Amino acid sequence: MERPKLLFVNLRRIEREGLESLLAARRLGYDVVLLGRSLPAFAAPLVSDFCQVDTYDTAKALASARELAGRYDFVGVPSFTEIDVQLVAAIAAELGLPGMTAEAALRARNKYRMKQGLQGCGDVLPGYRRVRTLSELRDAVREIGFPAVVKPTGASGSKGIFELREEGDLEAAIGQLEKITRPQFDAVFRQFGAEFIVEEYLEGDEFSVEGLVAGGEVHVVMVTDKVTSVPYHLELQHTMPSTLPADALAEAKATTVRIVTALGFDNCAFHLEAKWGRRGMKFIEVAARPAGDYIASHLIPLSCGVDYFANVVRVAVGAPLDLEPDRDLHVALRFVLAERPGRFEGLDGIETVCADPGYPYVFFEHPAGTEVTLPPESFGLQRVAAVCARHVDRVGLDALLSTVDGAVSARVTVAESTPA
Ligand SMILES: Nc1ncnc2c1ncn2[C@@H]1O[C@H](COP(=O)(O)OP(=O)(O)OP(=O)(O)O)[C@@H](O)[C@H]1O
Ligand SMILES: [Mg+2]
């Protein structure tokens, strides 16, 4: 008998996450037709048809989706990737499948429109302004004050996060931002280009809230504590469950429901980022797709047993969710950073973690041999590997993480002609 068909729009950039999304569909008894820019080799055996299209060209991609829908009776179009949130919403609307409105999808993709959509949640927003030029940035910072943060409105993956601590930082930040928001630098900037948001710098402990919205109902699955690098805010470590106090957690969950509802997110996964400080919870952003950095694909299942990606598929087809935890373990992901630019040769000390059952996974972010550069030259290369740790209690998890710190490092060689 033929299996019902899902339409996937691109796969997550990290292949292990993309693979898990396809396996989740298969586990639930669905066939996948992939519409996307390319068909990676690992995905070929798991898709029944592939339609190649430049998904940055919305009109063209929608036409291809329409054409595919003439051939296949799709039951859902799940949203796994950041850049395709609006396209997926448009396809779902056109095919009459569960999805979200175009307005909500735009708010999900643009950090300025998102904050504008949260007028009713003013208590948790930092001060913010949209700017395009140095003089607009100067005016905005005069109102918001130092310290502040300026970043592109349409990016993800911590590309171009600049802290502003004094007047002299403004010109350098705008210069760098104008350089990196050219679409040639990264296609993510094709939609919103050189448009930036300045925000008041939020102090406190950073965390993320992972959940799903189905038929207007918001479900929180996990709260994750996060550590980012100084000064460019690359994500360095995720740990779950969060160790925020119980009352803070309850407030964070309630505020998350308020924000996701106010933005009109529906029939999607979400990944909300915020800080907990002296003034309580302050909101950074929320994405209308599952968290990356293996959080949704690997860490949540390890920690609580919830099959998060299967639930992303269930949401897309309008099936009941299965969010019952079956365990409560402490899980972390610690990134290994290249400490200088050069050729990434491999990991020193990796035998220590591979031999210890406390570490279920080690992920290479780039193959050995990759030439790496560091921010602000590039934002996607410094994190060369990640080690996942799991323990029945938090003290044990922390001990596993400090072993990683002491034992594992990136081996980077510098060519004679390259300055170290
Ligand atoms: N207003 C702010 N105050 C303090 N820190 C901030 C602020 N805005 C951003 N950051 C820091 O920069 C990081 C990245 O910012 P943001 O999430 O807006 O960008 P992003 O490109 O979507 O990143 P990612 O995809 O990694 O989440 C945040 O996780 C946080 O550590
Ligand atoms: Mg973010």
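Residues numbered from 1 in each chain as written. Chains lettered and ligands numbered in written order. Predicted model: local features only at pLDDT ≥ 70, side-chain atom pairs only at ≥ 80, totals over all residues. Heavy atoms only, no water.

Looking at the overall build of the protein chain
Assigned secondary structure in the protein chain consists of twelve helices and 19 strands. Its C-alpha atoms give the protein chain a radius of gyration of 21 Å, near enough to 22 Å, the size a compact globule of 420 residues would have. Along the first, second and third principal axes, the C-alpha atoms of the protein chain reach 60 × 55 × 50 Å. Burial analysis of the protein chain (420 residues in total) assigns 55% to the buried set. Within the protein chain, contacts between residues separated by at least 24 positions form 67% of all contacts whose residues are at least 6 apart in sequence. Carbon and sulfur atoms form 49% of the exposed surface of the protein chain, whose accessible area is close to 17,600 Å². (Helix = DSSP H or I, 4+ residues; strand = E, 2+ residues; numbered from the N terminus. Rg over C-alpha atoms; globule rule 2.2 N^0.38 Å. Buried < 20%, exposed > 50% of the residue type's maximum accessible area, 1.4 Å probe, protein only. Contact = heavy atoms within 4.5 Å. Areas by Shrake-Rupley, 256 points an atom, 1.4 Å probe, with all protein chains shown as cover.)

Quick word on the layout of surface pockets
The space that makes up the second largest pocket amounts to roughly 240 Å³. Where the lining of the second largest pocket is concerned, the elements lending two or more residues are β14 (330-337), α12 (394-407) and β19 (409-413). Considering only residue class, the lining of the second largest pocket consists of eight nonpolar, two polar and three charged. (1 Å grid on protein atoms, 1.4 Å probe; cavity = no way out; pocket = protein on both sides within 12 Å on 5 of 7 lines; lining within 4 Å. Points joined across faces, edges and corners; volume = space filled by probe spheres on them. Nonpolar A, V, L, I, M, F, W, Y, C, P; charged D, E, K, R; others polar.)

Describing the pairing of strand β10 (residues 217-228)
Counted residue by residue, β10 has nine buried out of twelve residues, so it is predominantly covered. Where strand β9 (residues 205-214) lies against β10, nine bridges are found, and the strand directions are antiparallel. Paired with glycine 211 across the two strands is valine 220, which belongs to β10. Linking β9 to β10, which pair antiparallel, is a turn of two residues; within it glycine 215 sits at a positive phi near 55 degrees. In this antiparallel pair of consecutive strands, β10 and strand β11 (residues 235-240), the connection spans six residues, and histidine 233 shows a positive phi of 60 degrees. (Pairing = 2+ DSSP bridges.)

Section: the domain arrangement of the protein chain
Here the domain parsing of the protein chain yields domain 1 (5-107), domain 2 (127-200) and domain 3 (329-420). The interface of domain 1 with domain 2 comprises six residues on the first partner and six residues on the second. For the domain 1 and domain 2 pair, buried surface summed over both sides reaches about 450 Å², with 55% attributable to carbon and sulfur atoms. The interface formed by domain 1 and domain 2 holds zero salt bridges in total. Class assignment of the residues belonging to the side of domain 1 that touches domain 2 gives a composition of three nonpolar, one polar and two charged. (Domains from an automatic or database assignment. Buried area = accessible area lost by both parts, 1.4 Å probe. Salt bridge = Lys/Arg side-chain N within 4 Å of Asp/Glu carboxyl O.)

Side note on the coordination of the magnesium ion (ligand 2)
Surrounding the magnesium ion (ligand 2) are the protein donor atoms Glu273 (OE) and Glu285 (OE), which sit 1.8 to 1.9 Å from the metal. Of the two residues, glutamate 273 sits in strand β12 (residues 268-277) while glutamate 285 sits in strand β13 (residues 280-287), which places them twelve residues apart along the sequence. (Donors = N, O, S within 2.8 Å, 3.2 Å for Na, K, Ca; no water.)

Some words on the packing of helix α3 (residues 85-95) against helix α4 (residues 102-109)
Contact geometry of α3 with α4 gives a least axis separation of 8 Å together with a crossing angle of 170 degrees. Relative to α4, the element α3 is oriented roughly antiparallel. Taken together, the residues of α4 that come into contact with α3 (itself represented by Val85, Gln86 and Ala89) are Ala105, Leu106, Ala108 and Arg109. Tallied by class, residues from the contact of α3 with α4 come to five nonpolar, one polar and one charged. (Axes fitted to C-alpha atoms, helices over the stretch in contact; angles between N-to-C directions. Parallel < 35°, antiparallel > 145°, perpendicular 65-115°, else oblique.)

Observations regarding the packing of helix α2 (residues 58-71) against α3
Packed helices, taken two at a time, are described by their axes: the angle between them and the distance between them. In the contact formed by α2 and α3, the axes pass within 10 Å of each other and the chain directions differ by 40 degrees. Put simply, α2 runs oblique to α3. Seen along the crossing, α2 lies across α3 with a hand that is right-handed. Here α2 contributes Thr58, Ala61, Leu62, Ala65, Arg66 and Ala69 to the contact with α3, which in turn contributes Leu87, Ala90, Ile91, Glu94 and Leu95. Classifying every residue of the contact of α2 with α3 gives eight nonpolar, one polar and two charged. (Left-handed = near helix turned anticlockwise from the far one by under 90°.)

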